[in-house]
Amino acid sequence: MERGSSQARHEQLAQLVTTVAPVTFARDRLLPVHAALKPLFPDAGLTRGSIIGCSGAAAMSVALATVVGASAAGSWLAVAGLPALGLRAASEVGIALERLVMVAEPPQLGETAWANMVAALIDGFDLVALAGVPQIRAGTARRLQARLQARGAVLIVVGNPGQFSCDLDISVQHPTWQGLGDGSGRLARRRLTLVASGRRLGRERRTEVWLPGADGGIEPASDVAADVVLQPVVLQPVALKQVG
Amino acid sequence: MSARPVAYGDAPPRLAVLWCPDWSVVAAGASPLEPVAVLYANRVVARTPAAATAGVRQGHRRREAQRICPSLRLIDHDPARDGREFEAAVRSVAQMVPRLETTEPGSLTFLARGPSRYFGGESAMAQRVVQLVIDAVPNVVTGIGIADGRFTAGVAARQSAGQHAAAAVPVIIGSGPNDTRAFLDPLSVSTLADIADVSGDLIDLFRRLGVRRLGDLAALPAADVLARFGRAGMFAHRIACGGDDRAADAVAPPPELFVTQAFEDPVHLLDPLVFAAKQLAQQLHDLLVANGRVCTRLSVVAETEHGERSEHLWYRPNGLSVAAIVERVRWQFDGWIQQPGGLSGGIVLIRFTPDEVCSDDGSQLGFWGGRTEADEWAARAVARVAGLVGEQQVFVPAWRGGRQPGDAYAWVCIDTADVTEPTERLAVVEAPWPGHLPAPSPATVMAESVPAEVFDAAGHVVRVNGRGVLSAPPHTVSVRGRPAETIAAWAGPWPIDERWWDSRQHRRMARFQFTTSSGEALLVVVEQQQWWITAVYS
């Protein structure tokens, strides 16, 4: 009896904590990421208001992989400055194409006009991917960053981030393609080591993935799994014995 | 909303319908002597008389049409062009008749009683209207029908246009239910699908049940039709009987219901006008939705600083959504601003007044929420970005299908697509594309292929002959302006021979996949002995 009432009190208290809690921790404001990429993010998700830089060999795939979880969960993705984005690859990796909008930047867009455009995208979209960031003043970048935090969107910068200071940089090491031989086979899948570094990260975080995997999606690549795949299957002869 | 019901009763109003068949080819400026067809979604939607003589029909597929008439010139469908060009016809008829109403470009409807009294009878009035249109638009074919109700007048107009006479003879059906029934009864039930947008499935069902003529349908008791076919069947039955085709609960909204915007600085350009129209349309939509209503007929008015005025009624039986209003406003203003001679000043006022509203049956949204808040935010942001960089610069994906990595999906401009209603544009048609490369697809597809050079171990350019045989295994690849890289692994050639029936679009090439020593994977094609990098697995 006494035990039950104390439990009820605990529950009441827990409810009270949630209602009177004065602050929202940054990690509570998260957008989901694909399970295979969770080891890269300290909070196992995309922190709203953060800037993520993708650079190196497979920047485009990595940028798509970063937003797949959130896009599939209902967030809208806007891309600007990426006219060469392969839509088929995007749909294979799991981006919801019905929530994708592309802005082709008109040539000779001034700094103010460009910043207005990015600000409008930040206002309306949870995920904004930019490439080819032009030369802008540090103040403009800071104002956009403040807007990003106020609105709670996530900015993904493909390639050189220019004046933006990224909270998290994701780079690629040891990209290795499988499936292509010397005049035979076809590109089947690629193994990557993703390395995340950033101001607030103590040390680098890394994980290995197949990106793209065999069906164009993302798959976690543990060494064990790789061994299993690469080992040839040896059929043992089975001794038959007479029954019944 | 204190709405007063319109006393429609059972007698539909006397309407005149002007109908221009194959409007799209007329709008495209095609000569009637040249075989031309306009295609939408790979089907012919309009063709010139020359093409019609050769046997091209609406609904033919591209290849079928080209087989029937090899010299056929094909034009892509452009609703904006159709709407803009139709403004010329609307303006000329508007000199004579007030309150013109357009359902789609190529079709005009107006109340016949007033003008016919003024111009000496229905026949004389109809001939004058046809003459006005013929003078205003070159090469147009047109027909006019006058009857009780929109459906009957529409059928009459199509009969008038189908006479292939130099000047269309108006088809005038006498007033009263007996004359209307006598005209409609012998017609096939498929007329309902062509003119009144009754679903093809229902027509098919009628046919299989032995109801082949409108007279057969009209002879059935109304209560039984409702019990067996529901609301859609009831609607079909009502118009087959010559009844009113408006929704039973259509009302004229109170006069204070309108939205308007005055510009302090006169506006001379189309884009800012359309941007303002979008906001107004949203306002109007919100006002109506708050009462569970939808606008089926809308009056759009614009005025310039010197008092020039463009007024137009737009009708859509299923209700005008925000996107539909904006599309129609664009047609109207585009044609008005670009008229010969132009406007003398900028536009200072636009006003939308709903002329007829009915309760919003709506379309059923998805079970799990349908539109979310994120969708609303995104739609608003898209409108804002379009205002900043121009509507032609904002794109959404649409399914196309094809063998090349860039063919499967294409970017379509948002002025022709609805951002938050992707079902139609992203409907993947599961057709086999023999020869397309399996997943994974390249993440970067070059907008324009980059020329490259591929050498063998001896330093000679690698060639592929007509049978797809390589002169030597590729060894290095050099992209314009970059040092040559060693090819670590490669596969191919995969030959592809596309659109061999069309000399201009015919492509014959062989595809390869390379990985370079730096770990990059490329999709390379060789076409006419020239190597191109078309995509990067970045």
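Rules used in this analysis
- Residues numbered from 1 in each chain as written.
- Chains lettered and ligands numbered in written order.
- Predicted model: local features only at pLDDT ≥ 70, side-chain atom pairs only at ≥ 80, totals over all residues.
- Helix = DSSP H or I, 4+ residues; strand = E, 2+ residues; numbered from the N terminus.
- Buried ≥ 20, exposed ≤ 12 C-beta atoms within 10 Å, placed from the backbone.
- Contact = placed C-beta atoms within 7 Å.
- Core = buried A, V, L, I, M, F, W, Y, C linked by C-beta atoms within 7 Å.
- Domains from an automatic or database assignment.
- Nonpolar A, V, L, I, M, F, W, Y, C, P; charged D, E, K, R; others polar.
- Pairing = 2+ DSSP bridges.
- Axes fitted to C-alpha atoms, helices over the stretch in contact; angles between N-to-C directions.
- Parallel < 35°, antiparallel > 145°, perpendicular 65-115°, else oblique.
- Expected span 1.5 Å × (residues − 1).
- pLDDT = per-residue confidence, 0-100.

Let's talk about the overall build of chain A
Regarding its fold elements, chain A presents 6 helices and 11 strands. The buried share among the 244 residues of chain A stands at 41%.

Some words on the overall build of chain B
Looking only at helices and strands, chain B has 15 helices and 22 strands in total. Taking all 538 residues of chain B together, 38% fall into the buried category. Long-range contacts, defined here as pairs at least 24 residues apart, represent 59% of the contacts in chain B between residues at least 6 apart.

Some details on the nonpolar core
Within the largest apolar cluster, 110 residues are counted, with the highest numbers of intra-cluster contacts made by L121(A), L127(A), A129(A), I156(A), V158(A) and V382(B). It is helix α2 (residues 59–72) of chain A that contributes the most residues to this core, 9 residues altogether. Of the domains in this structure, domain 4 (366–436) and domain 5 (444–536) of chain B are the two that each give at least three residues to this core. Residues A52(B), A65(B), L192(B) and F206(B) belong to the second largest nonpolar core, which totals 69 residues.

Remarks on the interface of chain B and chain A
Bring the parts together and some accessible area is lost; that lost area is often taken as the interface size. Contacts between chain B and chain A engage 45 residues on the former and 47 residues on the latter. At the level of elements, α15 (373–389), β15 (394–399), β16 (409–413), β17 (444–456), β19 (485–498) and β20 (507–516) of chain B are the ones that each hand at least two residues to the side of chain B that touches chain A. At 10 residues, the largest contribution of residues to the side of chain B that touches chain A is made by α15(B). The residue makeup of the side of chain B that touches chain A, split by class, is 33 nonpolar, 9 polar and 3 charged. Pairing of strand β5 (residues 100–103) of chain A with β15(B) involves 2 bridges; the strand directions are antiparallel.

Things to note about the packing of helix α4 (residues 111–124) of chain A against helix α5 (residues 138–151) of chain A
Residues and elements named next belong to chain A. At their nearest, the axes of α4 and α5 sit 10 Å apart, and the two run at 10° to each other. When the axes of α4 and α5 are compared, the pair comes out roughly parallel. In this structure, α4 uses E111, A115, V118, A119, I122 and D123 to contact α5, whose residues at the interface are T140, L144, R147, L148 and R151. Broken down by class, the residue content of the contact of α4 with α5 amounts to 6 nonpolar, 1 polar and 4 charged.

Here we look at helix α7 (residues 150–161) of chain B
For α7(B), which comprises 12 residues, the first-to-last C-alpha distance of 16 Å matches the rise-based estimate of 16 Å (1.5 Å per residue) to within 8%. All of the buried residues along α7(B) are R150(B), F151(B), T152(B), A153(B), G154(B), V155(B), A156(B), A157(B), S160(B) and A161(B).

Overview of the environment of Q145(A)
All names here are of chain A. With respect to the secondary-structure elements, Q145 resides in helix α5. Residue Q145 is classed as partly exposed on the basis of its C-beta count, with 19 C-beta atoms lying within 10 Å. Those residues in contact with Q145 that sit more than four places away from it in its chain are I51 and F164.

A word on the pairing of strand β13 (residues 309–315) of chain B
Residues and elements named next belong to chain B. By the criterion of burial, β13 is predominantly enclosed, with 5 of the 7 residues buried. Both strand β12 (residues 293–304) and β13 contribute to a ladder of 7 bridges, which runs antiparallel. Its bridge partner being in β13, V301 is matched across the sheet by E311.

Here we look at the confidence of the model for chain A
Residue and element names in this part refer to chain A. Model confidence for chain A is summarised by a mean pLDDT of 84, while 86% of its residues fall at 70 or above. Confidence scores differ between elements of chain A, with helix α6 (residues 223–230) showing the lowest mean pLDDT of 47 and strand β7 (residues 154–158) the highest of 94. Under a pLDDT of 50 for its full length, residues 224–233 has, in the predicted model, 1 contact with residues more than four places off or in other chains.

Side note on the sheet that holds strand β3 (residues 36–40) of chain B
Note on sheets: strands pair through backbone hydrogen bonds, and any given pair is parallel or antiparallel. Residues and elements named next belong to chain B. Read across the sheet, 3 strands follow the order β4-β3-β5 without closing on themselves; strand pairing throughout is mixed. Because the sheet does not close on itself, it has two edges, and the strands there are β4 (43–47) and β5 (73–76). Within the sheet, the average angular offset between the axes of one strand and its neighbour, ignoring direction, is 40°. In the sheet, β3 pairs with β5 via 4 bridges, with the strands oriented parallel. Its bridge partner lying in β5, V36 is registered against R73.

Points about the sheet that holds strand β10 (residues 205–210) of chain A
One open sheet accounts for 11 strands, arranged β11(A)-β10(A)-β9(A)-β8(A)-β3(A)-β7(A)-β6(A)-β4(A)-β5(A)-β15(B)-β16(B); its pairing is mixed. The sheet is open, and its two edges are formed by β11 (219–220) of chain A together with β16 of chain B, each paired on a single side. Pairing geometry for strand β6 (residues 127–131) of chain A and β7(A), over 5 bridges, is parallel. Residue pairing in the sheet places L130(A) in a bridge with V157(A) of β7(A). Contacts between α2(A) and the sheet are confined to β3 (51–54), β4 (77–80), β6, β7, β8 (168–180) and β9 (185–197) of chain A, with β7(A) contributing the most and set at about 165° to the helix.

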